[in-house]
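What follows is each chain in one-letter form.
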Amino acid sequence: MHNVLVTGGAGFIGSNFVRYFLETHADCHLVNFDALTYAGNPENLSDIEGDPRYVFVRGDICNRAAVEEALKEYKIDTIVHFAAESHVDRSILGAAVFVTTNVMGTQVLLDAAREHAVERFLHVSTDEVYGSLGPQGKFTEETPLHPNSPYAASKAAADLLALAYFHTYGLPVVLTRCSNNYGPYQFPEKLIPLMIVNALNGKDLPVYGDGLNVRDWLFVGDHCSAIDLVLQRGAPGEVYNIGGNNEWKNIDIVRLLLRLLNKPESLIRFVKDRPGHDRRYAIDPGKISRALGWSPAVTFESGLKSTVEWYLAYRKWWERVMSGEYMEYYGKNYEAR
Ligand code: NAD
Ligand code: TYD
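What counts, and where the lines are drawn
- Residues numbered from 1 in each chain as written.
- Chains lettered and ligands numbered in written order.
- Predicted model: local features only at pLDDT ≥ 70, side-chain atom pairs only at ≥ 80, totals over all residues.
- Heavy atoms only, no water.
- Pairing = 2+ DSSP bridges.
- Helix = DSSP H or I, 4+ residues; strand = E, 2+ residues; numbered from the N terminus.
- Axes fitted to C-alpha atoms, helices over the stretch in contact; angles between N-to-C directions.
- Contact = heavy atoms within 4.5 Å.
- Near = heavy atom within 4 Å.
- Polar contact = N/O pair within 3.5 Å; in protein donor to acceptor, adjacent residues only side chain to side chain.
- Areas by Shrake-Rupley, 256 points an atom, 1.4 Å probe, with all protein chains shown as cover.
- Nonpolar A, V, L, I, M, F, W, Y, C, P; charged D, E, K, R; others polar.
- Phe/Tyr/Trp six-rings, centres within 6.5 Å; stacked < 30°, edge-to-face > 60°.
- Buried < 20%, exposed > 50% of the residue type's maximum accessible area, 1.4 Å probe, protein only.
- Salt bridge = Lys/Arg side-chain N within 4 Å of Asp/Glu carboxyl O.

1. Some thoughts on the sheet that holds strand β9 (residues 214-219)
Piece 1. Read across the open sheet, the three strands follow the order β7-β9-β11; overall the sheet is mixed. One side of each edge strand has no neighbouring strand; the edge strands of this open sheet are β7 (180-182) and β11 (247-249). Across the sheet, the mean angle separating the axes of adjacent strands is 50 degrees when strand polarity is ignored.
Piece 2. Sheet strands in contact with helix α7 (residues 220-233) are β7 and β9, and its direction is about 70 degrees off that of β9.

In structure tokens:
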């Protein structure tokens, strides 16, 4: 595994993965293939732009010719596929782009990977494909898929396509399904960064419904280490759940963040619930732990503290995101394919 194409590497998890991979694999070459949608921010990786092992290609995964050109030009043997529309609330407002990117884009990539005899295709997915849990139990890899939001449905469709390409064509696909991530460079539309940024700006913190929905949180660096392990040693055709056994009610996270930021709880506003809001997610990471020896390295206490510190130190980063200035980096520096 030497020539790796990462899709969606300018987003939150993708940019953390690109940095992690270059740090841990001295002999690799890495192509970051990203369309730079609103969620893609080249500033996430400005520190590694000069690395001779790294190249950025602005391209859309739905564009077969662009994908093929990159696979050919850089002699790609491995694909790690993060690119997606990733925000549930946006999928409720408009599902079309979710189907286009997440389903059709994945199918284009799978076809191109077949054509170019790619040796490894890691498809990054989410626990949301399993639907919602009651108070008991956890998602295992055998849990039936029951996606509830248009986002989750589009990811489930992509998962099934990826697995079908393994069964039908023998494409060496491995699939990961992770719980909610948090950490540096997360776009401030998702719960944790939105609450931090709003609190720092003295704005209300909008908590949906009764605030008692539960999510299972994992530090993004631990997701990256799990993906790397599955990439190296996962069995083709297999699914690996990734999670930190770390369940929190939304309202408790919001209160914890306010304490860390030394801001008052009076900023909390309970607002209208998200339509179809999944009540609880919880991952059983037993398979990846037994089969590959993976476990998270970062506790929630230290991960959340370091994340808050990051948003304090990188105020400029999120101010440029909130004002839209980060978009100016786009056209100026990269030609679209
Ligand atoms: P993100 O929204 O921060 O980033 C998505 C990236 O994909 C952006 O850089 C965007 O420009 C790029 N992209 C979008 N459409 C594209 C297209 N058509 N062609 C090329 N690039 C395109 O997302 P994220 O939170 O980093 O999530 C990355 C992946 O991990 C997604 O597949 C998501 O479903 C999955 N995932 C996310 C979480 C989470 O908590 N954020 C948890 C589990 C799994
Ligand atoms: P989010 O970060 O959007 O991730 P997901 O919906 O994919 O799990 O939301 C995490 C939880 O926080 C979810 O239960 C919805 C809730 N939430 C709020 O209460 N207020 C908000 O402003 C946001 C963005 C999310």
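2. Thoughts on the site of ligand 1
Piece 1. Ligand 1 sits among 29 residues. The nearest are I13, D34, S86, Y151 and K155.
Piece 2. In the environment of ligand 1, a nitrogen atom lies 3.1 Å from a nitrogen or oxygen atom belonging to the backbone of A35.
Piece 3. Note that a nitrogen atom of ligand 1 is positioned 2.9 Å from one of the side-chain N or O atoms of D60.
Piece 4. Contact with the protein chains covers 96% of the free accessible surface of ligand 1, which is 830 Å².
Piece 5. Those elements that provide at least two residues to the shell around ligand 1 are α1 (12-24), β5 (120-126), α5 (150-169) and β7.
Piece 6. In terms of residue class, the shell around ligand 1 is built from 13 nonpolar, twelve polar and four charged.

3. Observations concerning the site of ligand 2
Piece 1. The environment of ligand 2 is formed by 18 residues, the closest being E128, P206, R215, R274 and H277.
Piece 2. Within the contact set of ligand 2, a nitrogen atom lies 2.7 Å away from a backbone nitrogen or oxygen of P206.
Piece 3. Starting from 510 Å² of accessible surface for ligand 2 in isolation, the protein chains cover 96%.
Piece 4. In the shell around ligand 2, the residues fall into eight nonpolar, five polar and five charged.

4. Points about the packing of aromatic side chains
Piece 1. Inspection of the entire model under this criterion finds 18 aromatic pairs.
Piece 2. Ring centres of F187 and Y326 lie 6.2 Å apart, and the angle between their planes is 65 degrees; this geometry places the pair in the edge-to-face category. With F187 in the loop between β7 and α6 (191-200) and Y326 in the loop between α11 (315-323) and α12 (329-333), this pair connects stretches of sequence that are 139 residues apart. Summarising the burial analysis for this pair, F187 and Y326 share the class buried.
Piece 3. On the numbers, 5.0 Å between centres and 40 degrees between planes, the contact of W248 with F300 is tilted. You can see W248 sitting in strand β11 and its partner F300 sitting in helix α10 (residues 300-313), a full 52 residues away along the chain.
Piece 4. When its relative accessible area of 25% is taken as the criterion, W248 is described as partly exposed.
Piece 5. Here F300 falls in the buried class, since its relative accessible area comes to 9%.

5. Points about the pattern of salt bridges
Piece 1. For the coordinates displayed, the defined rule picks out 16 salt bridges.
Piece 2. Salt-bridge contacts for R64 lead to E115; the nearest nitrogen and oxygen are separated by 3.9 Å. Taken together, the positions of R64 in helix α2 (residues 64-73) and E115 in helix α4 (residues 96-115) put the pair 51 residues apart, joining distant regions of the chain.
Piece 3. Residue D204 is joined to R269 by a salt bridge in which the shortest nitrogen-to-oxygen separation is 3.2 Å. Here the residue D204 occupies a position in the loop between α6 and β8 (205-208), and R269 occupies one in strand β12 (residues 268-271), the gap between them amounting to 65 residues.
Piece 4. Accessibility expressed as a relative area gives 37% for D204, which makes it partly exposed.
Piece 5. We classify R269 as partly exposed; its relative accessible area is 40%.

No statement about biological role is implied by the geometric values presented.
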